[in-house]
Amino acid sequence: MDTSLLGIGELSNLLGARHISFAADKGFSSVSIDSRTVKEGGLFFALEGASNDGHAFVKTAFSSGASAAVVASSKLEKFDLENIAQSMGKDLIVVGNTLKGLQDSARIYLDKFPKLVKIGITGSSGKTTTKEITAAIISCEKNIIKNEGNLNSETGLPLSVFQVRDCHEVGIFELGMNRPDEISEIAEVLKPNIALVTNIGSAHIEYFGSKSKIVNEKKCIYKFLGSDDVALVPENDEYAHELADGVTGKIKYYGANSFEEFEGARSLGLNGTEIIWAGEKINFALPGKHNLEDAFAAIAIAKEVSAGKKAIISGLESVKPLFGRLEILNGKRATVIRDCYNANPESTAKSIEFCDSLEWPGRKIYVIADMLELGGNSAMEHKKLGFLLSVSMAKKIFLFGKEIESAAECLKDNGRDFFYVNDIDALSCALDGCVNQGDFVLLKGSRGCALERLSDMLTGDK
């Protein structure tokens, strides 16, 4: 059975690239940008990174079974690639830029599936949670494909696209960004039929300078919508009208007020939220208002593919917390909320608000780390965080990192008792001497701070 995704020659022609062939064209069956993950019959894209150049690993990729490699014309002589391909009986596809080659190849491949309903999700926070809830609902009725984990970048999204097969009816993909124009580039790969923005916040403002610029970048997910496609806009976001302005396609606002079936919700504390939907009670395991908002986003998408009441209820009830996203650890020593996959001013405020709202018989201890990628706004935003913590319900406050020093200064000015350090071992030691059985501990900080390292000690599981 032919398992090739595309023929090497066919892809070369569609890319308008030069094809240097030293083997019979059997096509390629998988795609990789890492020579260590190449499979037999795969296609290797030699990308140039900050520290490593993939062109230096073309020979390794061929040895691992790659049938061909996509390389940059400027690197042919430097890495002697034509001679390597000839000696090993392999093919080269020569392009001007291999990252663009990867993205264009993914777009070409996705065009092979015109019946696939393509869903794109972006936003400053809640992307992954919304994607997972959407997948849980729609998979009750249809065969879906989604990008796994956090493969939502300029390389991750294209690699995810190559997982699509004829059996898939709906593709659910999140789109992330770390630089200007990234959403536009990967939206052009996906060309979604249904596109949703979860919210506009301060995440990655270091790269953009203002929220207005973040709005302009995020709304690029709507850029390639056709007249019959749907743009879903969060009804309560302060930038909702800016997001919708100039969008081609059908604009629909979503949120609690946009569903006739939604009859109310009740917090169950750490056990999540009870949602009343068309007369039925749904036990939704993800706690907090922001997770309820992500559920509304997922429902809005699911209804666009005609998901029924049963699928919505079953899907919502099947969702479990993701690693580091308001994840609840019921330990022998303390109960820990591990919300440290990422952090920005909006998500950190929501975490603190949620923890403040919980009824808890013991002490509340908040461990807050740096919010990274805030650029010139960092000191101001951390100072705001300090004020928020100063009026919080925390009995003890621990601060970790370099950026968060301005929050420490604010807490000091407001007379709050706190511990501030920029050493993980010192933080662990201080917490170990403070946390008692029955305490409740919040871990919140950016991914780079890796607060999950404290989990076992706090729960007492090791």
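Residues numbered from 1 in each chain as written. Predicted model: local features only at pLDDT ≥ 70, side-chain atom pairs only at ≥ 80, totals over all residues. Heavy atoms only, no water.

Once that is clear, we can look at the pattern of salt bridges. Summed over all chains, the structure comprises 26 salt bridges. Measuring nitrogen to oxygen at the nearest pair gives 2.9 Å for the salt bridge that ties Glu304 to Lys252. With Glu304 in helix α11 (residues 289-304) and Lys252 in strand β11 (residues 250-254), this pair connects stretches of sequence that are 52 residues apart. Where salt bridges share partners, they join Lys131, Glu132, Lys146 and Glu174 into one cluster. (Salt bridge = Lys/Arg side-chain N within 4 Å of Asp/Glu carboxyl O. Helix = DSSP H or I, 4+ residues; strand = E, 2+ residues; numbered from the N terminus.)

What links the strands of a sheet is backbone hydrogen bonding, and the strands pair in either a parallel or an antiparallel sense. Spatial ordering of the open sheet is given by β7-β8-β6-β9-β10-β11, a layout of six strands whose pairing is parallel. In this open sheet, the two strands that pair with only one neighbour each are β7 (144-146) and β11. Across the sheet, the axes of successive neighbouring strands diverge by a mean angle of 20°, strand direction being ignored. (Pairing = 2+ DSSP bridges. Axes fitted to C-alpha atoms, helices over the stretch in contact; angles between N-to-C directions.)

The next point concerns the side chain of Ser351. By the element assignment, Ser351 lies in helix α13 (residues 345-357). A distance of 2.3 Å separates the side chain of Ser351 from the side chain of Asp339, its partner in a polar contact. Setting aside anything within four residues of it in sequence, one finds Ser351 in contact with Leu326, Asp339, Leu442 and Lys444. (Polar contact = N/O pair within 3.5 Å; in protein donor to acceptor, adjacent residues only side chain to side chain. Contact = heavy atoms within 4.5 Å.)

Turning next to the sheet that holds strand β12 (residues 262-267). An order of β12-β13-β14 is seen for the three strands of this open sheet, with the pairing classed as antiparallel. Each end of this open sheet is capped by a strand with a single partner; those strands are β12 and β14 (280-284). For this sheet, the mean angle separating the axes of adjacent strands, direction not counted, is 20°. With five bridges connecting them, strand β13 (residues 273-277) and β14 associate as antiparallel partners. Bridge pairing in β14 places Trp277 opposite Glu280. The sheet contacts of helix α12 (residues 309-318) involve β13 and β14, and relative to β14 the element is tilted by about 30°.

Okay, the pairing of strand β16 (residues 334-339) next. Of all six residues in β16, six are buried; the element is thus mostly enclosed. Burial along β16 is two-sided: the face carrying Ala334, Val336 and Arg338 and the face carrying Thr335, Ile337 and Asp339 are both buried. What sits between strand β15 (residues 327-330) and β16 in their antiparallel hairpin is a turn of three residues. (Buried < 20%, exposed > 50% of the residue type's maximum accessible area, 1.4 Å probe, protein only.)

Attention now moves to helix α16 (residues 424-432). One full turn of an α-helix is made of 3.6 residues, so residues set three or four places apart face in the same direction. Those residues of α16 not exposed but buried are Ile424, Leu427 and Leu431. For α16, the angular spread of the buried residues around the axis is 60°, confining them to a single face. In α16, the exposed positions angled more than 90 degrees off the buried face are occupied by Asp425 and Cys429. Those residues of α16 that are buried lie in contact with β17 (364-369), β18 (396-400), β19 (418-421) and α17 (455-459). At the N-terminal boundary of α16, the capping side chain belongs to Asp423, with an oxygen 3.1 Å from the backbone nitrogen of Asp425. (Arc of directions from axis to C-beta.)

This part covers the environment of Asn377. Relative to the helices and strands, Asn377 is located in the loop between β17 and α14 (378-390). Linking Asn377 and Ser210, residues 167 residues apart in sequence, is a C-alpha distance of 9.4 Å.

Tracing the backbone through its elements, the reader meets Ala46 in the loop between β3 (42-45) and α2 (58-63). Separated by 86 residues in sequence, Ala46 and Glu132 have C-alpha atoms that sit 31 Å apart. Once residues lying within four places of it in the same chain are set aside, the contact partners of Ala46 are Gly54, His55, Val58, Val70, Val71 and Thr98.

Functional significance is not addressed by these values, which are geometric in nature.
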